[in-house]
Amino acid sequence: MSTEYTIVIEKDEDGYYVGSVPALPGCHSQGKSIDQLLERMQEAIGLWLEVNGEDAPGPLELVGIQRIAV
């Protein structure tokens, strides 16, 4: 049985897609395309879970996305 994690995806100033998993602190990756990013994120999540195994939290519920001007 697999677990689904939410990935937050942003585009940096160099045009790379950067992904992070809010439920897994420090779990990040990047790619030149969304497809490449998703492959790398799947690998990053797998490695994160391998290293942190028993301490792995369950996925967080995505409530929404909001931009805030500062």
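This text goes with the structure placed above it.
Now for a description of the structure that goes with this document. (Residues numbered from 1 in each chain as written. Predicted model: local features only at pLDDT ≥ 70, side-chain atom pairs only at ≥ 80, totals over all residues. Heavy atoms only, no water.)

### Considering a nonpolar patch on the surface
Let me state the cut-off plainly: Each patch is built from residues lacking any salt bridge and having more than 30% relative accessible area; the joining distance is 9 Å for like charges and 5 Å for nonpolar side chains (Val, Leu, Ile, Met, Phe, Trp, Tyr). Accessible surface area values rest on a Shrake-Rupley calculation with a 1.4 Å probe, where residue burial reflects the displayed protein chains alone. Salt bridges are counted wherever a side-chain nitrogen of Lys or Arg sits within 4 Å of a carboxyl oxygen of Asp or Glu. Each helix is a run of H or I in the DSSP string that is no shorter than four residues. Each strand is a run of E no shorter than two, and both are numbered from the N terminus.
A cluster of nonpolar residues, Ile 9, Ile 34 and Leu 38, forms a patch on the protein surface that exposes about 220 Å² of accessible area. Of note, Ile 9 is situated in strand E1 (residues 8–11).

### A closer look at the nonpolar core
The test is simple: What makes a nonpolar core is a set of buried Ala, Val, Leu, Ile, Met, Phe, Trp, Tyr and Cys residues whose side-chain atoms join them at distances within 4.5 Å. When a residue's accessible area, from a 1.4 Å probe over protein chains only, is under 20% of the maximum for its type it is buried; when over 50% it is exposed; and in between it is partly exposed. By the convention used here, residues are in contact when the closest approach between their heavy atoms is within 4.5 Å.
By size, the foremost hydrophobic cluster in this structure holds eleven residues: Tyr 5, Tyr 17, Val 21, Ala 23, Leu 24, Cys 27, Leu 37, Met 41, Ala 44, Ile 45 and Trp 48. Ranked by the residues each element gives to this core, the list is headed by helix H1 (residues 34–52), at five residues. Residues in contact with Met 41, not counting those within four places in the same chain, are Ile 7, Gly 19, Ser 20, Val 21, Cys 27, His 28 and Ser 29.

### Regarding the pairing of strand E3 (residues 28–31)
We count it as follows: By definition, two strands form a pair when at least two bridges between them are found by DSSP.
Across the two faces of E3 the burial differs, with Ser 29 and Gly 31 buried and His 28 and Gln 30 not buried at all. Two elements, strand E2 (residues 17–20) and E3, share four bridges in a ladder whose sense is antiparallel. Each residue of the ladder has a partner; that of Val 18, found in E3, is Gln 30.

### Here we look at H1
Structural remark: α-helix, 3.6 residues per turn; residues separated by three or four positions point the same way. We apply this condition: Here the expected span of a helix is defined as 1.5 Å times the quantity of residues minus one. Comment: arc refers to directions from the helix axis out to C-beta atoms.
With 19 residues, H1 should reach 27 Å at 1.5 Å per residue; the first-to-last C-alpha distance of 26 Å fits that figure. By the burial criterion, the buried members of H1 are Leu 37, Met 41, Ala 44, Ile 45 and Trp 48. Projected down its long axis, H1 carries its buried residues within an arc of 105 degrees, all on one side. Projecting away from the buried face of H1 at angles above 90 degrees are the exposed residues Asp 35, Glu 39, Gln 42, Glu 43 and Glu 50. Elements in contact with the buried residues of H1: E1, E2 and E3.

### Some thoughts on the pairing of E1
By the bridge criterion, four bridges tie E1 to E2 in an arrangement that is antiparallel. Along E2, the bridge assignment pairs Glu 10 with Val 18. Hairpin connection, E1 to E2: the antiparallel pair is bridged by five residues, and Gly 15 has positive phi, about 90 degrees.

### Notes on the side chain of Ser 20
Residue placement: Ser 20 occurs in strand E2. For Ser 20, a relative accessible area of 17% gives the class buried. Once residues lying within four places of it in the same chain are set aside, the contact partners of Ser 20 are Thr 6, Ile 7, Val 8, Cys 27, His 28 and Met 41.

That's the geometry; what it means functionally is another story.
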